[in-house]
Amino acid sequence: MTLVVTRDVEDRYRGFLSSVMLELAPGVYTGPRLSRAVRERVWRVLSEWHGELRRGSIIMTWRDVNAPGHQSILTLGEPRRTLADLDGVLLVRREI
C-alpha cells in the first residue's frame, strides 16, 4: 500500500495523482498495488514539480520490510520528516 498526502500544493498535483491513485479525501491518495517502478516514477514527477514550484508539502509512505516499522517515508517541503525506531516504538521525527 502506497499513501501520498499533499498540503497546499497546486492543482496539477491532484490531476496527476488521481490518474494513478485513488483520492480518498482532499489531498490523500492511496495505491494498494503500486509497483516499486511506478512509485519511483510518481515520486520523480512530484519531486521535479516541487523543485520548480516550491509550494506546499508532500509525504509518501509505503510498506518496506527493511525499514524501521516496516515502513518507508519520503517528504518534500517543510518540515522534513523521518521515521525513527525507538526501542521498538515507531516515531515520526520532524527535522528542523
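Below is a short write-up of the structure. Just so we're clear, the structure is a prediction, and the values are computed from it rather than from any experiment.

1. Structural notes on the pairing of strand β4 (residues 57-63)
For step 1, the next point in the chain: The buried fraction of β4 is high, at 5 of 7 residues.
For step 2, the next point in the chain: Sheet analysis places strand β1 (residues 2-7) next to β4, joined by 6 bridges and oriented antiparallel. What sits directly across from T6, in β4, is I58.
For step 3, the next point in the chain: Taken together, the 6 bridges between β4 and strand β5 (residues 71-76) define a ladder with antiparallel strand orientation. Bridging from a neighbouring strand, W62 pairs with S72 of β5.

2. Quick look at the nonpolar core
For step 1, the next point in the chain: If you look at the biggest cluster of nonpolar residues, it comprises 16 residues, and the most contacted ones within it are V4, L17, L46 and I58.
For step 2, the next point in the chain: Looking at which element gives the most residues to this core, the answer is helix α2 (residues 36-53), with 4 residues.

Conventions used here
Residues numbered from 1 in each chain as written. Predicted model: local features only at pLDDT ≥ 70, side-chain atom pairs only at ≥ 80, totals over all residues. Heavy atoms only, no water. Buried < 20%, exposed > 50% of the residue type's maximum accessible area, 1.4 Å probe, protein only. Helix = DSSP H or I, 4+ residues; strand = E, 2+ residues; numbered from the N terminus. Pairing = 2+ DSSP bridges. Core = buried A, V, L, I, M, F, W, Y, C linked by side-chain atoms within 4.5 Å.

Remember, this is a structural readout, not a statement about activity or role.
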